[in-house]
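Summary of structural features
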Amino acid sequence: MEYSDKYVSNEHKEQHLSATESADPSSVSPFVISTSPKSPRSPRSPRSPKSPRSPKGQQGKHGGSVGSPLKNQRHSNSRRDGHPKKGGYGGKGTWGGLLDMDNDHVDDPNDPNYISDKEDMKFVSKTSAEFEEFKKKATVIVEEYFVNDDVNSTANELRELEMPSYSFYFVKKLVSIAMDRRDKEKEMASILLSSLYGDVIDPQQVYKGFQKLVESADDLIVDIPDAVDVLALFIARAVVDDILPPSFLTKTMAYLSRDSKGVDVIKRTEKGYLSAPLHAETIERCWGGRKNKTVEDLKLKINDLLIEYVVSGDVKEAFRCIKDLNVPHFHHEIVKRAVIMAMEKRQAENRLLDLLKRTAEEGDISEVSCCLEFENSSSLAELNAIFVKKLITLAMDRKNREKEMASVLLSSLCLPSDDVVCGFVMLIESAEDTALDIPIVVEDLAMFLARAEVDEVLTPQDLEEIRSHFPGSDSIGNKVIQIAMSLLKARLSGERILRCWGGGGSCKNGWTIEDVKDKIGKLLEEFEAVAIQEKPVDV
C-alpha cells in the first residue's frame, strides 16, 4: 500500500504496520487513510511556513475547523500505546485468538474429555506389546503350516489369536518365508491365502499385507536374490485367485519412490505375468499347480482310482485315494463314474456297488468327525460330552437301525474316553426326565453302555467311574450299571451285544447279504441234521 508520508504521523504508521502483520491478508480490505470524516483527502503541496495561521476557534465556510491538515485525523487520548491487543485480535467482548491459551491454564483430570499423556503412553505401549506378541505367534503358525499342510488347523489357530487388525503381518510373513522355500511351500502359501481370504483374513488386511511386501522389496532382495521375480509372481497369483484387485498395481505404484525395488516388482507383475496370453492358466501352474484344481484332472484321477480298485479290490486304499482328493463337493463324480464303469464292465459291477455302499457309510462318519474337530477347536472342551448325550438321546427314541448307527458312529469317532464318560454321566443324570418320553430308558442306557465297552470305547474302569457318580443303591445310575454288568457277564456276551439291534458289529450297519446267506445255510444244515437223526430206522 502506498500513501503520502506528509499526512500520516509515525504513530499511525506503526499502528497500520502492526495491524497488517497480524491480520489475515485474505480477510482484510485495503487500508485507506482518510483526512476527512466524509471523503478521502487527496495529497496537497506542503504548506508554506509563512502562511498566516487562523485564530483558534475560527470556523471555515462549512463549519469545519480550519488549520493543520492533520487536525481532522483521529488520535486516541488514551494512555495506551495503541498497538492491537493480542497480536491483532481479541479485546473486550471477544473470544481472543484461535490458539490462545492462558499461561495459568491447568488440565482438569475430572474432565470427561481429559486424557493424560501417561494414559497415551500406556495405550501405545500396550498396542506395541500386543503386536510383538502377534508377530511371534504368527511366525510359529506359518512354520507349523509348512510342516503339516493343514489349512483348517491353521485357520483355527489364527482365529484364536483374536487380533484381526494385525492379520496383514501374517500375510507378509507367510509370503516372505515361502519366497525363500521350495515351490511346494510357495504353492501352499498361495492356497492358504485363498482359503483364508474373507473368512479369516479381511480383504483389506490381505491388501495391506501385499503392500508391506512391496515396500520391503529392497530388504527382501538382500537374502533372496530373485525376490523381485518371486514377489511379482505371488502378486500375479493373488490377482488371478481374486484376493487382490487389479487396481492394486496402479495404486501401489503411485506412492513408491522411483528407485525402489517395489517399482520393479509392480512392472514385472504387470508386464511379465498378467499381460501374457493365457496368463491365468500359466500362473496357476507356476509352482506345479494346485492340488486337483481342474475338472479334467479330477475326472482322470477318479477314473484311475476306480480302475485300480476293480483290479485290487482294496477298499481301504480306495478310501485313502478318495480322501486325498480332498474335494467333497465333487463326490458326485465318483458315483457317476462308478455307475458308468459298472454298466460297461459287468464283471466289476458287484465290487463297484459295494465300494459305493461302503464309501457312503464311511463318508458320513468322516464328515461328522471333521465337523466335531472344527467346532471343538474353537469352542468349549465339553462339546464331545454334549455330543455323546445328544446322539444317544435321539437314538433311544428311534428304531433299532438308528440305535445301531449311533453305536457305530460312537466307536468310529475315537473320542477321548473321559469325554464319553462325561456324556454317559449326563445321560444318566437326565434319565428321569427322559423316562417321561422313553419308558425303557434304563434298559436302553445299559445296552448302550455295554455296547460301548464291547466296542472298546469304554473300559471296565470307566464303568466303575460312572458308578461312582451315583452312590445310592436305588439310584437310576446304579441300576443302569448293574444291568450293563449283567449283560457283559452273560455267555457269549460280546456277540450278543454286537447284534443287539440287528447290526453287524462296530464295522457295519446291519447284516450284509453274505451274512444272511450264511445264516440261512447254517439253519438249513442244522435242520437237515436234526431231520436225519429223527428219521425212523426200517427193521
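Structural notes, computed from the coordinates. (Residues numbered from 1 in each chain as written. Predicted model: local features only at pLDDT ≥ 70, side-chain atom pairs only at ≥ 80, totals over all residues. Heavy atoms only, no water.)

1. What to know about the overall build of the protein chain
Within the protein chain, the secondary structure is distributed over 24 helices and zero strands. Looking at the protein chain residue by residue over its 539 residues, the buried ones come to 32%. Relative to all contacts within the protein chain whose residues are 6 or more apart in sequence, the contacts with residues 24 or more apart total 71%. Working note: accessible area of the protein chain is about 35400 Å², and carbon and sulfur atoms make up 53% of it. (Helix = DSSP H or I, 4+ residues; strand = E, 2+ residues; numbered from the N terminus. Buried < 20%, exposed > 50% of the residue type's maximum accessible area, 1.4 Å probe, protein only. Contact = heavy atoms within 4.5 Å. Areas by Shrake-Rupley, 256 points an atom, 1.4 Å probe, with all protein chains shown as cover.)

2. Quick look at the packing of helix α18 (residues 417-429) against helix α20 (residues 441-454)
For the pair α18 and α20, the least separation of the axes is 11 Å and the interaxial angle reads 170°. Our classification of the angle between α18 and α20 gives roughly antiparallel. Residue-level inspection shows F424, L427 and I428 of α18 in contact with α20, the latter providing L445, F448, L449 and A452. Here the residues of the contact of α18 with α20 are counted per class, giving seven nonpolar, no polar and no charged. (Axes fitted to C-alpha atoms, helices over the stretch in contact; angles between N-to-C directions. Parallel < 35°, antiparallel > 145°, perpendicular 65-115°, else oblique. Nonpolar A, V, L, I, M, F, W, Y, C, P; charged D, E, K, R; others polar.)

3. Here's the deal with helix α17 (residues 400-413)
Residues that lie three or four places apart on an α-helix share one face, since the helix turns once every 3.6 residues. Over its 14 residues, α17 extends 20 Å from the first C-alpha to the last, a length consistent with the 20 Å expected when each residue adds 1.5 Å. Considered for burial, the residues of α17 that qualify are K403, E404, A406, S407, V408, L409, L410, S411 and L413. With its phi angle positive at about 55°, C414 sits one or two positions after the end of α17. (Expected span 1.5 Å × (residues − 1).)

4. A word on the environment of L192
Mapped onto the fold, L192 is located in helix α5 (residues 183-196). Note on L192: relative accessible area 0%, which makes it buried. Taking C-alpha positions, L192 is 9.4 Å from N152, a pair spaced 40 residues apart along the chain. Those residues in contact with L192 that sit more than four places away from it in its chain are Y145, V151, T154, F170 and L174.

5. Digging into the packing of helix α3 (residues 151-161) against α5
For the pair α3 and α5, the least separation of the axes is 11 Å and the interaxial angle reads 55°. Considering the angle they form, α3 stands oblique to α5. In the crossing of α3 with α5, the sense of the turn from one axis to the other is right-handed. Residues V151, T154, A155 and L158 of α3 form the contact with α5, whose own contacting residues are L192, S195 and L196. When grouped by side-chain class, the residues that make up the contact of α3 with α5 number five nonpolar, two polar and no charged. (Left-handed = near helix turned anticlockwise from the far one by under 90°.)

6. Concerning unusual backbone geometry
One non-glycine residue, D149, lies in the positive phi region at around 55°. Take D149: it is sitting in the loop between α2 (117-148) and α3. Taking the relative accessible area as the measure of exposure, D149 reaches 28% and is therefore partly exposed.

7. Structural notes on the packing of aromatic side chains
Scanning the model with the defined rule gives eight aromatic pairs in all. Relative to Y166, the ring of F131 has its centre 5.0 Å away and its plane inclined at 50°; by these criteria the two rings are tilted. With F131 in helix α2 and Y166 in the loop between α3 and α4 (167-179), this residue pair connects regions lying 35 residues apart in the sequence. Ring geometry for F131 versus Y169: centroids 5.8 Å apart, planes at 80°, classification edge-to-face. With a gap of 38 residues between them, F131 in helix α2 and Y169 in helix α4 connect regions that are remote in the sequence. Take F131: its relative accessible area is 22%, and that puts it in the partly exposed class. You can call Y169 buried: its relative accessible area is 14%. Members of the aromatic cluster, joined through ring pairs, are F131, F134, Y166, F168 and Y169. Just above the ring of F168 sits the side chain of K208; from NZ or CZ to the centre is 4.2 Å. Sitting above the plane of the Y273 ring, R268 keeps its charged end 4.9 Å from the centroid. (Phe/Tyr/Trp six-rings, centres within 6.5 Å; stacked < 30°, edge-to-face > 60°. Lys NZ or Arg CZ within 6 Å of the ring centre and 35° of its normal.)

8. Observations concerning the pattern of salt bridges
Tallied over the full model, the rule gives 16 salt bridges. One salt bridge in this structure joins E402 and R401, with 3.9 Å as the shortest N-O distance. According to the relative accessible area criterion, E402 is partly exposed, its value standing at 25%. What makes R401 exposed here is its relative accessible area of 58%. Between R451 and D455 there is a salt bridge whose closest N-O contact spans 2.9 Å. One exposure class covers both R451 and D455, and it is buried. A single network of salt bridges, built from pairs that share partners, joins E187, R237 and D241. (Salt bridge = Lys/Arg side-chain N within 4 Å of Asp/Glu carboxyl O.)

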